[in-house]
Amino acid sequence: MKLLTLTRRELGAYFLHPMAYIVLAPVLFFSGGLFADAFARASLNGYPIEMRHFIDIFNFLGMFVAPLMTMRLLAEEKKSGTFEMLVTAPVTDTGIVLSKYFAAVILWIFFLVPSLFYLFALNKFGANPDYGAAVCNYVGLVLLVGTFLAIGIFFSSTAANQIVAGILSFITLFFFYLLGLFQIESKWAGVDWAEVAKYASLFNRYQNFQKGVYDTRDVIYFLSLIAFFLFLTVKMIESRRWR
Amino acid sequence: MSAETTPPAPSAPTAGATAPSAPPARPAEWGLLARLATASNVALQIVAALALLVGVVYISKKYYNRYDTTRSRAYSLSDKTRTLITSLKKPVTILTLWARVRGGNDLTPEIIDKVDDLLDEYKGFSSQIIVKALPAVANQELAEKIIKDLDVKGPLDFNQMVVKCGDRQKIIRIEETFEADMPNNPYGGGAATLRAFKGEEVLTSSIRSVSEDRKMTVYFLEGHKEANLADSAEGGALMFKGKLETAENYAVKKWNSLKETTVPADCDLLIVPSPRARFQPEELQSLRAYFGRGGRVLCLMDPHEADASPGLDPLFREWGVEVTNGILVEPSPEARVIVPLMGGFARGAIQDAAVFIGSDMGGHQISAKLINDDAPIFELACGVDQAAGAAPDVTVTPLVKTSPESFLRTDLTLQEGRMVPGKDKAGPVTIAVAVEKQLPGDGGDGAPRKARAVVIGDGVQVQNHFYKQFDRCDLVLNAARWLLEQENLITIEPKKPEEHKLSLVTADQITWVQRISLYVLPLAAIGLALFTWLLRRA
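These numbers were taken from a predicted model, which means no experiment stands behind them. (Residues numbered from 1 in each chain as written. Chains lettered and ligands numbered in written order. Predicted model: local features only at pLDDT ≥ 70, side-chain atom pairs only at ≥ 80, totals over all residues. Heavy atoms only, no water.)

## Quick look at the overall build of chain A
And step 1. Helices and strands together make up the secondary structure of chain A, namely 13 helices and 3 strands.
And step 2. Counting the 243 residues in chain A, one finds 57% classified as buried.
And step 3. Of the contacts made within chain A by residues no fewer than 6 positions apart, 77% connect residues no fewer than 24 positions apart.
And step 4. By element, 72% of the accessible surface of chain A is carried by carbon and sulfur atoms, the whole surface being about 9,600 Å². (Helix = DSSP H or I, 4+ residues; strand = E, 2+ residues; numbered from the N terminus. Buried < 20%, exposed > 50% of the residue type's maximum accessible area, 1.4 Å probe, protein only. Contact = heavy atoms within 4.5 Å. Areas by Shrake-Rupley, 256 points an atom, 1.4 Å probe, with all protein chains shown as cover.)

## Side note on unusual backbone geometry
Residues and elements named next belong to chain B.
And step 1. Residue P428 is bonded to the preceding G427 through a cis peptide linkage, with omega at -5 degrees.
And step 2. Relative to the helices and strands, P428 resides in the loop between strand 19 (425–426) and strand 20 (430–442).
And step 3. Positive phi values are uncommon outside glycine, yet R73 reaches one of about 50 degrees.
And step 4. Relative to the helices and strands, R73 resides in the loop between strand 1 (66–68) and helix 2 (79–86).
And step 5. Note on R73: relative accessible area 44%, which makes it partly exposed.
And step 6. The backbone of N159 sits at a positive phi, close to 60 degrees, despite the residue not being glycine.

## Some words on a nonpolar patch on the surface
Residue and element names in this part refer to chain B.
And step 1. There is a patch of nonpolar side chains on the surface, built from Y519, V520, L523, I526, L530, W533 and L534 and spanning about 700 Å² of accessible area.
And step 2. By the element assignment, V520 lies in helix 11 (residues 507–537).
And step 3. Under the relative-accessibility criterion, V520 is labelled partly exposed at 46%. (Patch = residues over 30% accessible without salt bridge, like charges linked within 9 Å, V, L, I, M, F, W, Y side chains within 5 Å. Salt bridge = Lys/Arg side-chain N within 4 Å of Asp/Glu carboxyl O.)

## Concerning the side chain of K164(B)
Residue and element names in this part refer to chain B.
And step 1. With respect to the helices, strands and loops of the structure, K164 is situated in strand 4 (residues 160–165).
And step 2. An unpaired buried charge is present at K164: no salt bridge exists, and D151, the closest side chain of opposite charge, is 4.5 Å distant.
And step 3. Within the structure, the side chain of K164 is placed 3.3 Å from the backbone oxygen of G166, a separation counted as a polar contact.
And step 4. Sequence-distant contacts of K164, that is, excluding residues within four places in its chain, are made with P91, V92, T93, L150, D151, V152, K153 and Q169. (Lys, Arg positive; Asp, Glu negative; His and termini not counted. Polar contact = N/O pair within 3.5 Å; in protein donor to acceptor, adjacent residues only side chain to side chain.)

## Overview of the environment of A143(B)
All names here are of chain B.
And step 1. Looking at where A143 falls in the secondary structure, it is placed in helix 4 (residues 140–150).
And step 2. Overall, the relative accessible area of 6% leaves A143 in the buried class.
And step 3. Counting along the chain gives 46 residues from A143 to L97, while the straight-line C-alpha distance between them is 9.6 Å.

## Quick look at the confidence of the model for chain B
Residue and element names in this part refer to chain B.
And step 1. Of the residues in chain B, 85% have a pLDDT of 70 or more, and the chain-wide mean is 81.
And step 2. By mean pLDDT, the top-scoring element of chain B is strand 11 (residues 296–300) (95), and the lowest-scoring one is helix 4 (75).
And step 3. Low pLDDT, under 50, characterises residues 1–23; the predicted model gives this stretch 50 contacts beyond four residues in sequence or across chains. (pLDDT = per-residue confidence, 0-100.)

## A short note on the sheet that holds strand 13 (residues 327–329) of chain B
Residues and elements named next belong to chain B.
And step 1. In space, the 3 strands of this open sheet follow the order 13-18-19, with antiparallel pairing throughout. The open sheet has two edge strands, strand 13 and strand 19, and neither has a second partner.
And step 2. Alignment of strand 18 (residues 407–409) against strand 19, held across 2 bridges, turns out to be antiparallel. For L408, the partnering residue across the bridge sits in strand 19 and is K425. (Pairing = 2+ DSSP bridges.)

## Quick look at helix 6 (residues 238–246) of chain B
And step 1. Looking only at helix 6 of chain B, the buried set comprises F240(B), L244(B) and T246(B).
And step 2. On its buried face, helix 6 of chain B sits against strand 5 (168–173), strand 8 (217–222), strand 9 (251–256), strand 10 (269–273), helix 9 (464–470) and helix 10 (474–483) of chain B.

## With respect to the packing of aromatic side chains
And step 1. As enumerated under the stated definition, the model contains 31 aromatic pairs over all chains in all.
And step 2. Look at F148(A) and F203(A): their rings are 5.6 Å apart centre to centre, the planes differ by 45 degrees, and that puts the pair in the tilted class. With F148(A) in helix 9 (residues 131–158) and F203(A) in helix 12 (residues 202–211), this pair connects stretches of sequence that are 55 residues apart. Here F148(A) and F203(A) have matching classes, each one buried.
And step 3. Taking the centre distance of 5.6 Å and the plane angle of 75 degrees together, the rings of F228(A) and F229(A) count as edge-to-face. This pair shows no difference in class: F228(A) is buried, exactly as F229(A) is.
And step 4. Members of the aromatic cluster, each reached through a chain of ring pairs, are F35(A), F39(A), F117(A), Y118(A), F120(A), F125(A) and W512(B).
And step 5. Between the NZ or CZ atom of K124(A) and the centre of the ring of F125(A), over which it lies, the distance is 6.0 Å.
And step 6. When the ring centre of Y64(B) is taken as reference, the NZ or CZ atom of R217(A) above it lies at 3.6 Å. (Phe/Tyr/Trp six-rings, centres within 6.5 Å; stacked < 30°, edge-to-face > 60°. Lys NZ or Arg CZ within 6 Å of the ring centre and 35° of its normal.)

Next comes the structure, spelled out in structure tokens:
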């Protein structure tokens, strides 16, 4: 119940602040631009058009949006002094972290809602969208960006300055992006590290969702990373007691 | 500060995430040692969590499930493929050599994406499937290293896959993995449409072919001035031999029928490549005996001077085939190929019309799919047709015919460029036939025993100069596959692509969609930002 109350408080902070909508506007502009272009070309040239062709941009945009959404979550509270009030409230550290995390995920889902218009347009103009694959795409986007958000919250808990937190999370996410591009063959101790790097890339793990395939490896990888970074965040908050 | 927020004893200061929150101030009695102990405890917890993370991910990588939610089950492998690849005893490496060039009406980039998706599925189901991609442009050194490490043989080209298992390999061209309808636009332009994606069938068949214990053996007959397997000159067959070995994974050997009276026991396919000297009756008997016990023969015949017949006609008649000596002339502009003729004895005006593309590919599986850019080219071909009065147990199927404007010149002394009625045979003329003879007994697996032969009236199809000029050998390779019953090692229903094209959309409707997605939705977000800002100010 406390978790629900805290999440609602965080959501209120998000939705009643212009920042969320300022971040949302470019997301919609870029994704809308890609869709409009794909739609026009498909109409004029008779190319097939599928949701996966333009929904991918959300995973790339997520890399920029997630740090913006999370950087102020704990860093700003520490800077403004409200953090002490929060942690002295009768809630657990885990409750604090989870409520902030859930609120950020719900905000991301809210960001995805306008893209349903694309699905509607495809349906209206006879492109026969594959709804099963579309749902899979959305689930993948929530898990992928959910992982970005967990990483973002962790860095927000480590830094006192929200800009520093944002930059650190972006660098980490960019590192995960680069892992997927790892090409050089590097075998050491009997392990092909290029393969390990490709497997560890968050973006590579999203590709099955993009095709409309649920793979338990991907789901477990995302959920494990989310749990790990949230655990680290809780530990960071707890550390104020003994540092 | 409540009791529950007081830090616990130093030995267990971090009682887990469920512990109530505590104020930041730590009790004064917390000394350095206590803090160090706590820090170590937390560090241990983090290491344990990290180990748990790695362990869970590792186990999930080993034991997993996939659920394909697409309507067409586009990413689901058939049971045949799953059974094959999960039972592989040796690793099979698939090397892709992709060159994606997007644009135009070329379907290649879309097919490459589909093949890559398919390879992901193969990889996902069996750890014995290893997929490597050769960088198309960058990192030449790495590309060469991969090819060397894998010991890939033969000339490679872009948009091919090499399926390799041990020392065996098979090359698959991207064109083999799909069927398409070309745009019906006389002025060019428009998009080609994918009719069927056959990637799984082709890949699974290839994996089976290279991972099988036994390798098919192809013998080339020699002793009659045939195209020589080891000869790299224009008239040799070295390049074709290489194609059979590297692309088709066959063992290629020679058999001299003048020296050995029986066809070797391990012969799966006997190729008679453009013989130019007469066969002895004993040799004909050897071929007859081989065919009679279910042998597979591919004969490539050429026009010849009247006194230089190889003398295979009695054998052909038994197969229900008639080879007519002469030169096929193709005046139809749609079928002619403007290239210089390499040699032979086409004289006068017909010389320019003796190189052409087959016009009617019939319905046989050897030739039916050889259309558009894959249509076979012939050079100095003779007529090969169904003979009258073939035995009832023999089925002869025409494979390729010329256009109705073509004609077969049987009197090679004539110089006229046009058809001479009464002397030339009017088109369309059949150039190649497939023969199947039912034999008594059981061929195993309950299937009837049968012998097969293909006769093509164009011997240059296996010669080096033909490869250098046209690089088109699909007719001969398809014939070899059919003869060896490898045309469909594994039959898997091709995937029909789902139609995701927009129905007729007007310019107004495009504008409407563009305005909403590009302007209305982002502006609505900006409007909400303004509204909340004003609300906060108020």
